[in-house]
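Descriptive structure summary
The lines below spell out each chain.
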Amino acid sequence: FGFTNCPDICPLAMAELKQFYEALEVGVDEKPKIFLVTVDPERDNPDSMKAYLGKYNDDFIGLSGDAETISRLATELYVVYGNGAEHDGNHREESRKASEETAKAVSMMHSDYVIPHSGHIAVISPRGEYYAVMRAPHRNKDIETAYLALVE
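As the structure is a computational prediction, the values presented were derived from the model and not from experiment.

Details of helix α5 (residues 140-151)
The first and last C-alpha atoms of α5 sit 17 Å apart over 12 residues, in line with the 16 Å expected at 1.5 Å per residue. Against α1 (9-23), β3 (121-124) and β4 (130-134) lie the buried residues of α5.

Dropping the structure here:
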């Protein structure tokens, strides 16, 4: 989960996912699907998401939808974003940390807006089941280790 104008969390995670994906020595049919679900559906459209993800890998898929659907999916995958008010539970600390990190990066970059959001990667099994969460910092070798454990 992220957005195309994210100043820090998304570019770092996407760069590591790119390295992992491109170094993976498996057939095309065996490669995992990498998705970015936007937390900014009003600004991120199919064209902007395709252009953003294309900087990392043309195989990466951008997903959007209405705010309610994104919020439901985010809740199911333990993702918090925005002010965190619509998502409660054990993830408030992560939301607070993401908010602080994002605010600091934005003040340095003078961005016109920011959406605080979780920085973890949700790992879904080939059967569509929630398998794991990978918290930042993401490293391509750690992602590879998790992927190989999942498919073996």
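Section: a nonpolar patch on the surface
Nonpolar side chains collect at one region of the surface, where Tyr78, Ile124, Tyr130 and Val133 lie side by side and expose about 330 Å² of accessible area between them. Turning to its location among the elements, Val133 is positioned in strand β4. The exposure class assigned to Val133 is partly exposed, which follows from its relative accessible area of 33%.

Side note on the environment of Val114
Mapping Val114 onto the fold places it in the loop between α4 (92-109) and β3. On the basis of relative accessible area, Val114 is assigned to the partly exposed category, the value being 33%. As a C-alpha pair, Val114 and Gly82 span 32 residues in sequence and 8.7 Å in three-dimensional space.

Notes on the packing of α1 against α5
Contact geometry of α1 with α5 gives a least axis separation of 8 Å together with a crossing angle of 55 degrees. The angle between α1 and α5 places the two elements in the oblique class. Handedness of the α1/α5 crossing: right-handed. Packed against α1, whose contacting residues are Glu16, Leu17, Gln19 and Phe20, the element α5 presents Asn140, Ile143, Glu144 and Tyr147 at the interface. By residue class, the composition of the contact of α1 with α5 is four nonpolar, two polar and two charged.

Regarding the confidence of the model for the protein chain
Interpreting fine coordinate detail is not advised for predicted regions of low pLDDT. Averaged over all residues, the pLDDT of the protein chain equals 81, while 80% of them reach at least 70. Ignoring residues within four places in sequence, the model shows residues 102-111, a span with pLDDT below 50, making 10 contacts including any to other chains.

Structural notes on the side chain of Glu16
Relative to the elements of secondary structure, Glu16 occurs in helix α1. Arg139 is the oppositely charged side chain nearest to the buried, salt-bridge-free Glu16, at an N-O distance of 4.5 Å. Ignoring sequence-local partners within four residues, the contact set of Glu16 consists of His138, Arg139, Asn140 and Ile143.

Regarding the nonpolar core
Residues Phe1, Met14, Leu17, Phe20, Tyr52 and Phe60 are the most contacted members of the largest nonpolar core, which totals 32 residues. Sorting the residues of this core by element identifies α1, β1 (35-37), α2 (46-54), α3 (67-76), β3 and α5 as the ones contributing at least two each. With residues up to four places along the chain from it excluded, the contact list for Phe20 reads Pro32, Ile34, Asn140, Ile143, Glu144 and Tyr147.

Topic: the pairing of β3
Burial of the side chains of β3 is restricted to one face: Ile121 and Val123 are buried, whereas none of Ala122 and Ile124 on the reverse face is. Pairing between β3 and β4: four bridges, direction antiparallel. Bridged to Val123 within β4 is Ala132. Here β3 folds back onto β4 in antiparallel fashion, the turn holding five residues, of which Gly128 has a positive phi close to 80 degrees.

Observations concerning the packing of aromatic side chains
According to the stated counting rule, one finds four aromatic pairs in the structure shown. The interplanar angle of 65 degrees and the centroid separation of 5.8 Å between the aromatic rings of Phe20 and Tyr147 together place this pair among those described as edge-to-face. Pair noted here: Phe20 is in helix α1 and Tyr147 is in helix α5, with a separation of 127 residues, a long-range link. Comparing Phe20 with Tyr147, the two get one shared label, buried. A centroid spacing of 5.3 Å and a plane angle of 80 degrees characterise the contact between Tyr21 and Phe60, whose relative ring orientation is edge-to-face.

Conventions we followed
- Residues numbered from 1 in each chain as written.
- Predicted model: local features only at pLDDT ≥ 70, side-chain atom pairs only at ≥ 80, totals over all residues.
- Heavy atoms only, no water.
- Helix = DSSP H or I, 4+ residues; strand = E, 2+ residues; numbered from the N terminus.
- Expected span 1.5 Å × (residues − 1).
- Contact = heavy atoms within 4.5 Å.
- Patch = residues over 30% accessible without salt bridge, like charges linked within 9 Å, V, L, I, M, F, W, Y side chains within 5 Å.
- Areas by Shrake-Rupley, 256 points an atom, 1.4 Å probe, with all protein chains shown as cover.
- Salt bridge = Lys/Arg side-chain N within 4 Å of Asp/Glu carboxyl O.
- Buried < 20%, exposed > 50% of the residue type's maximum accessible area, 1.4 Å probe, protein only.
- Axes fitted to C-alpha atoms, helices over the stretch in contact; angles between N-to-C directions.
- Parallel < 35°, antiparallel > 145°, perpendicular 65-115°, else oblique.
- Left-handed = near helix turned anticlockwise from the far one by under 90°.
- Nonpolar A, V, L, I, M, F, W, Y, C, P; charged D, E, K, R; others polar.
- pLDDT = per-residue confidence, 0-100.
- Lys, Arg positive; Asp, Glu negative; His and termini not counted.
- Core = buried A, V, L, I, M, F, W, Y, C linked by side-chain atoms within 4.5 Å.
- Pairing = 2+ DSSP bridges.
- Phe/Tyr/Trp six-rings, centres within 6.5 Å; stacked < 30°, edge-to-face > 60°.

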